[in-house]
Structure formats: structure tokens, C-alpha cells
Amino acid sequence: MKQFVFVMFIVSLFVICPSYSKAINMPCSMILNPIDKELKNAKGVALVYKVQLRPPSSARTNISILGVHLPEPSSYGEYDSYEGFAFISKEISWRFRLYPSPEIDSPTWAGRFDEITAEMDNVEIQVRLSNSKTDKLGPSILKNKIKYCK
């Protein structure tokens, strides 16, 4: 009888307190922090959520990025813009252009990508330098991992 009670106790623990999934709860947002600690004012934010753009097709995941107080891209060499870049290591990546606002000094860079069908586990989101003429992607300026998405 004691064994039965013990087994029932263990089973009820798994039912009452199930293990949590590694998947993120959406919608969520995360702060994108600068790689170079000298860029004290540079910050970004990424919003990750499901969008239903073309019913009856299934919902897709959207990543929207906003970056502020980023250095002039040309200060890093042959770059003229920024791109959002998200990836699952050794699996898949997505890149999309960020567009500057019309502010003269230190424009805000923003953009989005709506077509992600992959599960959003182990994703890193970055703001990277880009050369729009050669399509060359440069180093990361801001980044964070999806596990910090709240």
C-alpha cells in the first residue's frame, strides 16, 4: 500500500508541475546590446510574434528590430546601412534591411521580416553592418539570444 501511495505521489507531481518547454512565449521583446562596450548609447529592441498575413495559410513568425544611436555605418569601412540578422546556428538564418529614419543626427534604424516558419528555439538576433551595393554583410553591432525574450 505504501508503494502505491508513493507512486501516486510521484505521478501527481508530474501532472501538477509539468516540465517547461524550451519554446518562448509570444509575443515577446528583448533588448539588443552593443558588442563593443565603447558604444554606450547604442541599443536596440527586437519584437517577436506570430502574424497571420495570408489566411488560410498558417501563421508565421515576425521579427521587428529598432536600433538607436548606432554609429554611422561608414565609420566601420565600406558599409552604408544596417541589417537585421537572426539565425539558428548551423541550421538557418534570416536577414532583412533596416531603414533609417529622416533624423539628421543619429537616425533610428528599423525593419521587419514576416516569413519565418521555423521554431524559435536557440535563435540569436543581431543588428549588423551591411553594404547595400555589394550585398556584403558585416560584423554585428548589437545582439541578444531569444532565451532572454520576455
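Above this text sits the structure in question.
Since this is a predicted model, take the numbers as computed values, not measurements.

Asks: Can you help me understand the overall build of the chain in this one?
Replies: Counting its regular elements, the chain contains 1 helix and 8 strands. Helices and strands appear in the chain in the N-to-C order α-β-β-β-β-β-β-β-β. Burial statistics for the chain: of 150 residues in total, 37% are counted as buried. Of the contacts formed within the chain by residues at least 6 apart in sequence, a portion of 57% connects residues at least 24 apart.

Asks: Which parts of the structure should I look at to understand the side chain of Gln 126?
Replies: Assignment of secondary structure puts Gln 126 in strand β7 (residues 123–131). By relative accessible area, Gln 126 is classed as buried at 7%. Of note is the side chain of Gln 126, whose polar atom sits 2.7 Å from the side chain of Glu 124.

Asks: Whenever I open this one, unusual backbone geometry confuses me. Can you help?
Replies: Note: most peptide bonds trans; most residues except glycine with negative phi. The amide bond that connects Pro 55 to the next residue, Pro 56, takes the cis arrangement and shows omega of 15°. Within the element layout of this structure, Pro 56 appears in the loop between β2 (43–51) and β3 (60–68). We note that Lys 90 has phi near 60°; this positive angle belongs to a residue other than glycine. Mapped onto the secondary structure, Lys 90 falls in the loop between β4 (81–88) and β5 (92–100). Residue classification places Lys 90 among the exposed positions, given a relative accessible area of 87%.

Criteria and thresholds
- Residues numbered from 1 in each chain as written.
- Predicted model: local features only at pLDDT ≥ 70, side-chain atom pairs only at ≥ 80, totals over all residues.
- Heavy atoms only, no water.
- Helix = DSSP H or I, 4+ residues; strand = E, 2+ residues; numbered from the N terminus.
- Buried < 20%, exposed > 50% of the residue type's maximum accessible area, 1.4 Å probe, protein only.
- Contact = heavy atoms within 4.5 Å.
- Polar contact = N/O pair within 3.5 Å; in protein donor to acceptor, adjacent residues only side chain to side chain.

Honestly, that's just the spatial picture; any functional story needs more than this.
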